Amino acid sequence: MISLDFSNLTKIKAAHGLTTKALQATPAQIGRHLKKISNRKQGFYTVIDDAAKVKKINAFADSVAGKYTDIVILGIGGSALGAICLKQSLKHLFENELKDLSPAPRLHILDNIDPALISDFEDLVDSTKTLFIVITKSGTTPETLAQYSYYSHKIYQKKLYPRDHFVFITELKNNPLRQIAREENITCFSIPENVGGRFSVMTAVGLLPAKLIGIDIEKLLLGAREMRDRFLSTDITLNLPYQLALAQYQLAKKGKKINVLMPYSQKLIRFADWYRQLLAESIGKQGIGITPVNALGVTDQHSQSQLYNEGPNDKLLMFINVENLGPCMPIPTMIKKPANFFPEGLTFNRLMHTEMEGTITALTKNNRPNITINVPEVDEFFLGQLLMLFMGATAFLGEFFKINAYNQPGVELSKVITKELLQKY
Ligand code: PA5
């Protein structure tokens, strides 16, 4: 089970930390916030019960098994970051490079329209053996539609059938993508109206590509459901999302308005990207906000920890400690002197954990607020828990700050202005 360790908040100077009392809440308090969340009628914590959706995804995956060497996601923001996180966390770290060894197709996520990316990508895949998953909830995002337009021309030029090379994921409402799907007879998966892009990783948006590359989506959903039940509990000891949000909120009120998420796990580097969007877009509005920053242990000890130790004390550091980092890899004693540079029997796993402990202890000595999220291992079940932990915490944060965590008027405004500019062009 995932656990949260807030003990360092009580060890530092009161001005920067929190007492155990500040992290408490009564069932009535939690219940009030849950009621507010429920009134917003969001689906991110109920969509995980949709067995029919999983059945449809599994049936589609069976029908295309062995047909494609490559799968390409065309999408951006919440339509891309969940799949990027799932792939990085749950597949071999060099999955795509291992093409000949892995039976699963390679998954690529094109979440930009930089022509350098699009043209270089041409050298990588053979579109006759590729399935393009076009993901856009609104069905109107220009970046995604531009990519779709580009690749649909390629498919036509090669005299291939679009329905054999495209699958769409979009909302149920009529939109340009739905229209194309109807005209071209392209398979379409839907994103429920009440699940926003950055909360959609447990819909077809995340689950379809995950399934196609061999991720156990049932186990992912199982973990998510376990954490969802905690999220809906009025018992503070069970409700980890509430605990996390409360610490973030209380510390933000004390001026810690930057949250650094630092997993000590290469597999979770993209989880931090996924969370960066979730926190930034959900909470950053009406002059309110917590600025998310990503860091990776141990790598960024050598790029950022100086700032975190001695720079402005305006951050909450959130570490993710993965207990089982994978194969136990001993570090051999050095062939040349000094042979005893490392203690005998030291493993990479132990070195990683020791360095994390050193980093956290130094920060605590410097009165820097920090918490640790302990994760037994990075598998489907615990990743499902982790994703739901942070989505649930974000939902509570929205209520604590009294803002709607589910819209993004700032993003919409820039979309409207870009559209106007394009019309002039
Ligand atoms: O979280 C969000 O709502 C956004 O980041 C969207 O995912 C992003 O703007 C892409 O939108 P769409 O899925 O409609 O193409």
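Because the structure is predicted, anything quoted here is derived from the model rather than measured.

Description of the nonpolar core
And step 1. By size, the foremost hydrophobic cluster in this structure holds 112 residues, and its most contacted members are Ile-73, Ile-133, Val-134, Met-318 and Phe-319.
And step 2. Take this core: its biggest share by element is 13 residues, from helix α15 (residues 380–400).
And step 3. Residue contributions to this core reach at least three from each of two domains, namely domain 1 (3–40 + 232–410) and domain 2 (47–216).
And step 4. Setting aside residues no more than four positions away along its own chain, Phe-319 makes contact with Met-262, Tyr-264, Met-356, Ile-360, Asn-370, Thr-372 and Ile-373.

Some points on the packing of helix α4 (residues 81–90) against helix α9 (residues 204–212)
And step 1. Between α4 and α9, the least distance of the axes is 8 Å, while the angle of their chain directions is 35°. Crossing handedness for the pair α4 and α9: right-handed. Seen from α4, the contacting residues are Gly-82, Ala-83 and Leu-86; seen from α9, they are Val-205, Gly-206, Pro-209 and Ala-210.
And step 2. Class assignment of the residues belonging to the contact of α4 with α9 gives a composition of 5 nonpolar, 2 polar and no charged.

Here we look at the environment of Lys-35
And step 1. If you trace the backbone, Lys-35 turns up in helix α2 (residues 27–39).
And step 2. The class for Lys-35 is exposed, based on 10 C-beta atoms found within 10 Å.

Section: the environment of Ala-224
And step 1. Assignment of secondary structure puts Ala-224 in helix α10 (residues 217–231).
And step 2. Sequence-wise, Ala-224 and Phe-400 are 176 residues apart; in three dimensions their C-alpha atoms are separated by 23 Å.
And step 3. Contact partners of Ala-224, with chain neighbours within four places excluded, come to Ile-48, Met-202, Gly-384, Gln-385, Leu-387 and Met-388.

Points about helix α11 (residues 240–253)
And step 1. Given a rise of 1.5 Å per residue, 14 residues ought to cover 20 Å, and the 20 Å separating the end C-alpha atoms of α11 matches this to within 8%.
And step 2. In terms of residue burial, α11 counts as a mostly covered element, since 11 of its 14 residues are buried.
And step 3. In the stretch just after α11, Gly-255 is the one whose phi turns positive, near 95°.

Focus on unusual backbone geometry
And step 1. For the peptide bond that leads from Gly-297 to Val-298, omega is -5°, which places it in the cis range.
And step 2. Tracing the sequence through the fold places Val-298 in the loop between β8 (291–294) and α13 (305–310).
And step 3. Of note in the backbone geometry, Lys-41 takes a positive phi value of approximately 55° without being a glycine.
And step 4. With phi around 55°, Gln-286 is a residue other than glycine that occupies positive phi space.
And step 5. Looking at the secondary structure, you find Gln-286 in the loop between α12 (269–283) and β8.

Quick notes on the sheet that holds strand β4 (residues 130–135)
And step 1. The sheet built from 5 strands is open, its strands ordered β3-β2-β4-β5-β6 with parallel pairing. Both outer strands of the open sheet, β3 (106–110) and β6 (187–191), are each paired with one neighbouring strand and no more. The mean angle between the axes of side-by-side strands here comes to 20°, regardless of whether they run parallel or antiparallel.
And step 2. Where β4 meets strand β5 (residues 166–171), 4 bridges bridge the pair, whose relative direction is parallel. Paired with Phe-132 across the bridge in β5 is Phe-166.
And step 3. Here α9 sits on the sheet and contacts β2 (70–74), β3, β4, β5 and β6; the angle it forms with β6, its principal contact strand, is near 135°.

Things to note about the domain arrangement of the protein
And step 1. Here the protein is described as being made up of domain 1 (3–40 + 232–410) and domain 2 (47–216).
And step 2. Taken over C-alpha atoms, the centre of domain 1 sits 30 Å from the centre of domain 2.
And step 3. Contact with domain 1, which involves 18 residues of that partner, is made by 16 residues of domain 2.
And step 4. Listed by contribution, the elements that provide at least two residues to the side of domain 1 that touches domain 2 are α12 and α15.
And step 5. It is α12 that provides the largest number of residues to the side of domain 1 that touches domain 2, a total of 9 residues.
And step 6. Of the residues assigned to the side of domain 1 that touches domain 2, the class counts are 10 nonpolar, 3 polar and 5 charged.

Here's the deal with the sheet that holds β8
And step 1. Reading across the sheet, the 5 strands line up as β1-β10-β9-β7-β8 and stay open at both edges, with mixed pairing between neighbours. Each edge of the open sheet is held by one strand with a lone partner, namely β1 (3–5) and β8. The mean angle between the axes of side-by-side strands here comes to 20°, regardless of whether they run parallel or antiparallel.
And step 2. As paired strands, strand β7 (residues 258–264) and β8 are joined by 4 bridges and run parallel to one another. Within β8, the position partnered with Val-260 by the bridge is Val-293.
And step 3. In this fold α11 packs onto β1, β7, β9 (315–324) and β10 (370–377), with an angle of close to 25° to the strand it touches most, β1.
And step 4. Strand contacts of α12: β7 and β8, with the helix running at about 170° to β8, the strand carrying the most contacts.

Each value, and the rule that gives it
Residues numbered from 1 in each chain as written. Predicted model: local features only at pLDDT ≥ 70, side-chain atom pairs only at ≥ 80, totals over all residues. Core = buried A, V, L, I, M, F, W, Y, C linked by C-beta atoms within 7 Å. Buried ≥ 20, exposed ≤ 12 C-beta atoms within 10 Å, placed from the backbone. Helix = DSSP H or I, 4+ residues; strand = E, 2+ residues; numbered from the N terminus. Domains from an automatic or database assignment. Contact = placed C-beta atoms within 7 Å. Axes fitted to C-alpha atoms, helices over the stretch in contact; angles between N-to-C directions. Left-handed = near helix turned anticlockwise from the far one by under 90°. Nonpolar A, V, L, I, M, F, W, Y, C, P; charged D, E, K, R; others polar. Expected span 1.5 Å × (residues − 1). Pairing = 2+ DSSP bridges.

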